[in-house]
Amino acid sequence: MTAASIHIRSFLQEGTRFIAGALHFLKGTGMKSEPVLSTLEMKGIVKRFPGVLANDGVDFDVRAGEIHALLGENGAGKSTLMKVLYGMYSPDEGQILINGKPVTLRSPLDAISHGIGMIHQHFMLVPTLTVAENVALGLSSSRRIVLDLDRVTEKVHELSEAYRLRVDPSEEVWRLSVGEQQRVEILKALYRGADLLILDEPTAVLTPQDVDELFNTLRTMSEEGHSLVFISHKLPEVLRLSARATVLRDGRVAGSVMTNAVSQADLACMMVGREVLLRIDHPDVERGDVRLMLDGVHADGDRGFPSLCGIDLEVHAGEILGIAGVSGNGQRELAEVIAGTRSISAGTVTLNGEDMTQWSTHRRLEAGIAHIPEERMVDGAVQEFSVEENLILKNHGHAPYSRGIFMNFKAIAAMADRLIQRYDIKTPSRQTQIGSLSGGNMQKLILAREISRNPDVLIAAQPTRGLDIGATEFVHQQIVAQRADGTAILLISEDLDEVLSLSDRIAVMYEGSVVGVVDRKSATANEVGRMMAGGGCEAAGARSLAPVSEPSAG
Amino acid sequence: MTAVIVGIVSSSLRLVTPYLFAAIGETLSQASGVLNLGLDGIMLIGAYAAFYVGITTGSLALGVIAAGLAGGLLGFIMAFVSVSMRADQGVSGIALYLFCLGLSEMLFNQTLGGVRTISGLQPINIPGLSKIPVLGPILFHQNILVYIAFALVPIAWFVLNKTPFGLKIRAVGENPHAADSLGVRVRRVRYQTVTLGGVFAGIAGASLSIALLNLFQPNLTNGMGFIAVALVYFGGWRPVRVLLGALLFSTVNALQIWAQVEGIGISPYLTLMLPYVITIVVLATMKRRNSQAPSALTKPFERGQ
Amino acid sequence: MKKVQVLLAILGMALLTVGFSALGAPLKIAIILPSSINDGEWSQGLYQDLLALVDEYGEDNLEVAYSENMWNIADADVAARDYAAEGYALIIGHGGQFGNILIEAARDFPGTSFAIGTDGTPFMAYGLANFFGYDASADEVGYVVGGLAARLSESGTVGLINPIQSGDVAGYEAGFTAGAKAANPNIEVLSVWTGSYSDSALASEAAQTMVAAGADILTGTSQAVVAAMGVARDNGALWFGMRINQSYLAPATVALSSVYDWKVCIRPMIESIRAGVLGGELYDLNLANGGLYVEVHEAALFGKTIQGIIDGSINSYP
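Please read these numbers as outputs of a predicted model, since none were measured by experiment.

What counts, and where the lines are drawn
- Residues numbered from 1 in each chain as written.
- Chains lettered and ligands numbered in written order.
- Predicted model: local features only at pLDDT ≥ 70, side-chain atom pairs only at ≥ 80, totals over all residues.
- Helix = DSSP H or I, 4+ residues; strand = E, 2+ residues; numbered from the N terminus.
- Contact = placed C-beta atoms within 7 Å.
- Expected span 1.5 Å × (residues − 1).
- Buried ≥ 20, exposed ≤ 12 C-beta atoms within 10 Å, placed from the backbone.
- Pairing = 2+ DSSP bridges.
- Core = buried A, V, L, I, M, F, W, Y, C linked by C-beta atoms within 7 Å.
- Domains from an automatic or database assignment.
- Axes fitted to C-alpha atoms, helices over the stretch in contact; angles between N-to-C directions.
- Nonpolar A, V, L, I, M, F, W, Y, C, P; charged D, E, K, R; others polar.
- Parallel < 35°, antiparallel > 145°, perpendicular 65-115°, else oblique.
- Left-handed = near helix turned anticlockwise from the far one by under 90°.

**Details of the overall build of chain A**
Then, in step 1: Of the regular secondary structure elements, chain A holds 19 helices and 22 strands.
Then, in step 2: Taking contacts inside chain A between residues at least 6 apart in sequence as the whole, the part at least 24 apart equals 68%.

**Describing the overall build of chain C**
Then, in step 1: Scanning chain C from N- to C-terminus turns up 12 helices and 13 strands.
Then, in step 2: Taking the contacts inside chain C whose residues are at least 6 apart along the sequence as the reference set, 66% of them involve residues at least 24 apart.

**Things to note about helix α3 (residues 60-84) of chain B**
Then, in step 1: Compared with the 36 Å implied by 1.5 Å per residue over 25 residues, the 35 Å span of α3 of chain B between its first and last C-alpha is a close match.
Then, in step 2: Counted residue by residue, α3 of chain B has 18 buried out of 25 residues, so it is predominantly covered.

**Comments concerning the pairing of strand β22 (residues 513-519) of chain A**
All names here are of chain A.
Then, in step 1: Bridging between strand β21 (residues 505-510) and β22 involves six bridges; their strand directions are antiparallel. Across the sheet, the residue bridging to Arg505 is Asp519, located in β22.
Then, in step 2: Between β21 and β22, which pair antiparallel one after the other, the connecting turn spans two residues, and Glu511 there sits at a positive phi close to 50 degrees.

**Considering the nonpolar core**
Then, in step 1: Core analysis: the largest hydrophobic core is formed by 273 residues, its most contacted members being Tyr19 of chain B together with Ala228 of chain C.
Then, in step 2: Ranked by residue count, the leading element in this core is helix α9 (residues 186-212) of chain B, at 15 residues.
Then, in step 3: Every residue in contact with Ala228 of chain C, bar those within four places of it in the chain, is listed here: Ile161, Ala203, Ser204, Ala206, Ala207, Leu218 and Gly220 of chain C.

**Concerning the domain arrangement of chain C**
Residues and elements named next belong to chain C.
Then, in step 1: Domain annotation of chain C identifies domain 1 (4-135 + 262-286) and domain 2 (138-260 + 294-308).
Then, in step 2: The C-alpha centroid of domain 2 is placed 30 Å from the C-alpha centroid of domain 1.
Then, in step 3: The interface of domain 1 with domain 2 comprises 15 residues on the first partner and 16 residues on the second.
Then, in step 4: With three residues, helix α2 (residues 42-57) is the largest single contributor of residues to the side of domain 1 that touches domain 2.

**Quick word on the sheet that holds β21 of chain A**
Residue and element names in this part refer to chain A.
Then, in step 1: Spatial ordering of the open sheet is given by β16-β19-β20-β13-β21-β22, a layout of six strands whose pairing is mixed. Each of the sheet's edge strands pairs with one partner strand only, and the pair in question is β16 (369-372) and β22. Averaged over all neighbouring strand pairs, the angle between strand axes comes to 20 degrees, with direction disregarded.
Then, in step 2: One ladder, built from four bridges, connects β16 with strand β19 (residues 457-461); its direction is parallel. When the bridges of β19 are listed, His371 appears paired with Ile459.
Then, in step 3: Across the sheet, helix α16 (residues 469-484) touches β13 (319-324), β19 and β20 (488-492), and the angle it forms with β20 is around 150 degrees.

**Describing the arrangement of the chains**
Then, in step 1: Among the two pairs of chains that make contact, the interface with the largest number of contacts is formed by chains B and C.
Then, in step 2: Separating chain A from chain C is a minimum C-alpha gap of 30 Å, and the two share no contact.

**A look at the interface of chain C and chain B**
Then, in step 1: Every contact between the two is made by 32 residues of chain C and, on the other side, 30 residues of chain B.
Then, in step 2: Residue assignment for the side of chain C that touches chain B shows that the elements contributing at least two residues are β8 (188-193), α8 (200-212) and α9 (225-234) of chain C.
Then, in step 3: Looking at the side of chain C that touches chain B residue by residue, the class counts come to 14 nonpolar, 15 polar and three charged.

**Remarks on the sheet that holds strand β6 (residues 116-119) of chain A**
All names here are of chain A.
Then, in step 1: In space, the six strands of this open sheet follow the order β6-β7-β8-β3-β9-β10, with mixed pairing throughout. If you trace the sheet from one side to the other, it starts and ends with β6 and β10 (252-258), each paired once. Across this sheet, the average inter-strand angle for adjacent strands is 20 degrees, counted without regard to direction.
Then, in step 2: Pairing analysis gives five bridges linking strand β7 (residues 196-200) to strand β8 (residues 227-232), with the strands arranged parallel. Along β8, the bridge assignment pairs Ile198 with Val229.
Then, in step 3: Along the sheet, helix α9 (residues 264-272) makes contact with β3 (67-72), β9 (244-249) and β10, crossing β9 at roughly 30 degrees.

**Some remarks on the interface of chain B and chain A**
Then, in step 1: At the interface, 21 residues of chain B touch 22 residues of chain A.
Then, in step 2: Those elements that provide at least two residues to the side of chain B that touches chain A are α3, α7 (164-174), α8 (176-181) and α9 of chain B.
Then, in step 3: The element that contributes the greatest number of residues to the side of chain B that touches chain A is α7 of chain B, accounting for six residues.

**A look at the domain arrangement of chain A**
Then, in step 1: The assigned domain composition of chain A is domain 1 (31-272) and domain 2 (374-453).
Then, in step 2: Centre-to-centre, using C-alpha coordinates, domain 1 of chain A lies 38 Å away from domain 2 of chain A.

**Brief notes about unusual backbone geometry**
Then, in step 1: Cis geometry is adopted by the peptide bond preceding Asp119 of chain C, which originates at Thr118 of chain C and carries an omega value of 15 degrees.
Then, in step 2: Here Asp119 of chain C shows up in the loop between β5 (113-117) and α5 (121-124).
Then, in step 3: Located in the positive-phi region is Asp250 of chain A, a residue other than glycine, with phi close to 50 degrees.
Then, in step 4: Residue placement: Asp250 of chain A occurs in the loop between β9 and β10.
Then, in step 5: In this structure Asp250 of chain A comes out as partly exposed when scored by C-beta crowding, with 14 C-beta atoms within 10 Å.
Then, in step 6: If you check the backbone angles, Gln462 of chain A has positive phi at about 45 degrees while not being a glycine.
Then, in step 7: By the element assignment, Gln462 of chain A lies in the loop between β19 and α16.

**Considering the environment of Asn216 of chain A**
Residue and element names in this part refer to chain A.
Then, in step 1: In this structure, Asn216 sits in helix α7 (residues 208-223).
Then, in step 2: Assessed through the 13 C-beta atoms surrounding it within 10 Å, Asn216 is described here as partly exposed.
Then, in step 3: Residues Asn216 and Leu241 lie 25 residues apart in sequence; the distance between their C-alpha atoms is 9.4 Å.

**Points about the packing of helix α1 (residues 2-31) of chain B against helix α6 (residues 144-162) of chain B**
All names here are of chain B.
Then, in step 1: Two numbers describe how α1 lies on α6: the axes approach to 9 Å, and their chain directions differ by 25 degrees. In terms of their interaxial angle, α1 and α6 are classed as roughly parallel. Here α1 and α6 pass one another in a crossing that is left-handed. The segment α1 lies against α6, with Leu13, Thr17, Leu20, Phe21, Ile24, Thr27, Leu28 and Ala31 engaging Leu145, Val146, Ala149, Leu152, Val153, Ala156 and Leu160.

Structure (structure tokens):
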């Protein structure tokens, strides 16, 4: 079809759509949420992408007023299934029935007109527009060619009240917090009369308070008869919020269960397809000599302000020292001064009793320091390089991988194949550019590269951030295994549960200093949490006002 | 002194008209995310179409309509190439400009055969207002295209800020994926703005060939369209500021002509630089508050994951 | 845009059948023009004069090709080298802006003649044996018409609209001003430089401003001044044409034209090439050699008076 005919056709469509929209508005469905969608079924949905079968005969159903969790590992096909439901992808096979009648959803517009709304993981908001403008976008105005933002604002107010979604309709979206932006997304869907709301990982970016608020709203919505599909891989949340859970694995349904009848471990097992160790086996290991020692270390952050103020730490062989703290309190700089990518202004860093303060990054690497960086996409790997090139990145100068100025590609290939297998890196080949790998597989690759060098000291910064259960479990197992091998491990994580379950000792950082070191056997989350906020109970209130010393530059 | 100011102001109002048409149209298409660098070429073809139709039919109104149609067609072609074919906007705009430049030369040779003149659009007095001392003759004794050009500014402002269509334009230029998720037809909006921008550019050409200069010759626009594109950036994608920028540019231009005519002892090469120098100085010192380019400017839209 | 149009058909076949009775193949001349061949000014003048030369020499002996609208110097460079490679004997770059590229081309094609004007003087310093230059002493004709303008002006103010201060343009402006002042020391000569040969809008606005300042006679150079001529016409001012007979553009407005006869400098180039000398000479158009002359257009100069006498509004015998 020529562009011209498309253009003409779209003008005609505009006309009919305008009338349809006006009728829709007159009926009042644009505002009052009188649910018209009582059941929704997806039957035998198949969706293929080049080289991937994303959905392979998926059955899924939602009832009115139900909060239904859709669970699965990264790449299990959750988002694809929901994009099919929202009309963004058309399925290769299968059908969708609303109230028992088959429907075809060709575009989000179709889905919206059937009462389906979706809140994407990455918000679909126009930052330069106001909340009300974002809500009104794409809708016909009650004043035809003139915007009726005052009326929209009024209705947004009503909806905010009804569902406890606090947000100022006249504010520009870019000024809003992430939690508020999410509320705008929900308001958009409610305003359009969504009876079924799909939420793609809605808690991933929220603070605990925002999560509580969101859950209250979602419960209110479900009481009013709205159906909610909640995509997640955080098991506690799923059990807390939803009545029913459908688990996808490798594009197929692994099971659909009532959440009051299952445990986290059951769900995890369904997701991964095998038993998952939610609790990490932490055998006693005899603590060895001091491997890494920091003595009075001072360093500046990226903007030239002090970000480490006299750090004293020791890490022993066969020990995991966990670093807890709110992001931006010097953790990143701590990892960098040990790895050698940041210079220190005072103090010493000692490796196996040798002062390595003045050593180059390369010399530290040769001496047995391994680093899993926080920004794995930027600092951990070269996106444009292949899997094998990334695996050899730190060893390319050694036999058997090179001799003189020549690379031994045979040895490199053999090493790459061995690591890919041993660390279960899912990649089409060792020649694949790693930019196309999933986050979990990229992290496995970095882990493989660092650990295979048998380091004396391993710095693991946010090693499981953004990874799914399976990959997280794998990374945890590898770290614990390193501990058993006698490596001294510095584990830096913002996930307090992770720090508490993996570490032998926990050091808490606040504003560039270590405010306390506790033993895991005696530590409680409460106690550590208080220290993270800057000390005792009294200081906790003051902390929220104090500026965070150095926001991460990433 | 009054006469001097009257002269400079009326001169700048005449000069500003083609810039205003072209820059307001370009503001719309850039607000939706399409940079149309072919503006100067579309103006040339518009200038030719208005002149040719005007001289052959004797109707200047038909000439203006022909310029708008020709401009709209070229805008549509630009939209096809940059929106549907997702070609690089900078390159396709320059290609369109070169195509129009060559086409207008050919049409000039084939159909006009030489420089000819036409009796152009005559000034229209606005009853009452044109009698106001000093201001009247300047502001309310202009040809119809000058009035339309100035009327376009509040209209464009209103459309962009107060209508559902304008909301779509801004959303499509800022975050087309968000707009798409709400059922806004991203490509269609871009087709509409770029085509409309073409219509205005065509009329900008008409305002040169049958209102200001009353002749057509190859390369008549002499790069005005590129200045118009710069004015859109200057104006921070806001019609009123685009108007201010265009007025500043044309006033300084009128001023430098006046300075030369009055024999003020400055080298003409310094005064000739003045409009550009002032533009650069203003751009450099202007507060950049909220005058960010549309985030999706020059980025073709592709429905993705 | 590079548009090459070979004007006259190739006569090779005819010549072959007739035998080598004629002088041989025709001498081929190519001209590179910055604007169009009907710009009513600069390019049109040279083109018309070359057509006249073809008539003079006969189609068997002279052949002319042109590239017009060479706004882009790089395009002009390609065109010049194409012509040289195709065996053109003389390649003329009509405008000083083509000088540097033709110097380079002349070095690469020593068997081909190149010419630059106006202003050709600075390029003679290269001393190339296959390079001609041509100039026009426009100050002479400017002085003549400037003096007339000063005597003719009723308001005492006349205006000059110029592109860029160089070559014959600068000469015309200086000569016109000097002539006007000599004829009437109180005359006010307004002068504006637009900085461009093609900015019609600026030329038109300059004319508007001059009319507003009281000028009743306007003149100027470059292809952009046609727009200024329109301003003169619309405001009842007179226009003094330049370079060609511009009367046809506005018969009631153009009172006279300072005409350049380019044949005066092209003809000796042709003769020189025929004699085997490919360059080294600088030719000048001036009043003495007839390369410059003034053509008076009665319709505009006396038209109103004649019409007044005819319709009786003027009493010629009070």
